[in-house]
Amino acid sequence: MLGTIRLLLRFVWLAIMVLGAKRLLEAIEEGLDQVIAQAESGETQGVPGSLHRLHDALHRGHGHGLPDSDAAGEM
């Protein structure tokens, strides 16, 4: 009887862990969607601005010249 209860508790624990991981991935995806939407709208502060600056710095670090363009990449 005690073995059955332990086995049941292990399955419950596993289910909670799987559902928690799934929810975590959903939250990350929602957050990334918000950051992408902000970057597409021209946001220059916060995470989108930091990502844009990082992108530009990586291009300069690899010797790729950046063309004269705005944040959307249009010339």
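This text goes with the structure placed above it.
No experiment lies behind these values; they were computed from the predicted model shown.

## Quick notes on helix α2 (residues 46-61)
At step 1: Helix length check: α2, at 16 residues, gives a terminal C-alpha distance of 22 Å against a target of 22 Å (1.5 Å per residue), a fit within 8%.
At step 2: Pro48, Gly49 and Asp56 are the residues of α2 that are buried. For α2, the buried positions fall inside an angular range of 100 degrees around the axis, keeping them on one side. Residues Gly46 and Gly61 are exposed on α2 and point more than 90 degrees away from its buried face.
At step 3: Residues of α2 that are buried sit in contact with α1 (2-40).
At step 4: Two residues or fewer after α2 comes Gly63, characterised by a positive phi angle close to 80 degrees.

## Brief notes about a nonpolar patch on the surface
At step 1: Residues Leu7, Phe11, Trp13, Leu14, Met17 and Val18 make up a contiguous nonpolar surface patch of about 650 Å² in total accessible area.
At step 2: Along the polypeptide, Phe11 turns up in helix α1.

## As for the environment of Thr44
At step 1: For Thr44, the location among the structural elements is in the loop between α1 and α2.
At step 2: Residue Thr44 is classed as exposed on the basis of its relative accessible area of 60%.

Here is what the cut-offs are and how they apply
- Residues numbered from 1 in each chain as written.
- Predicted model: local features only at pLDDT ≥ 70, side-chain atom pairs only at ≥ 80, totals over all residues.
- Heavy atoms only, no water.
- Helix = DSSP H or I, 4+ residues; strand = E, 2+ residues; numbered from the N terminus.
- Expected span 1.5 Å × (residues − 1).
- Buried < 20%, exposed > 50% of the residue type's maximum accessible area, 1.4 Å probe, protein only.
- Arc of directions from axis to C-beta.
- Contact = heavy atoms within 4.5 Å.
- Patch = residues over 30% accessible without salt bridge, like charges linked within 9 Å, V, L, I, M, F, W, Y side chains within 5 Å.
- Areas by Shrake-Rupley, 256 points an atom, 1.4 Å probe, with all protein chains shown as cover.
- Salt bridge = Lys/Arg side-chain N within 4 Å of Asp/Glu carboxyl O.

As far as function goes, none of this settles anything; it's purely spatial.
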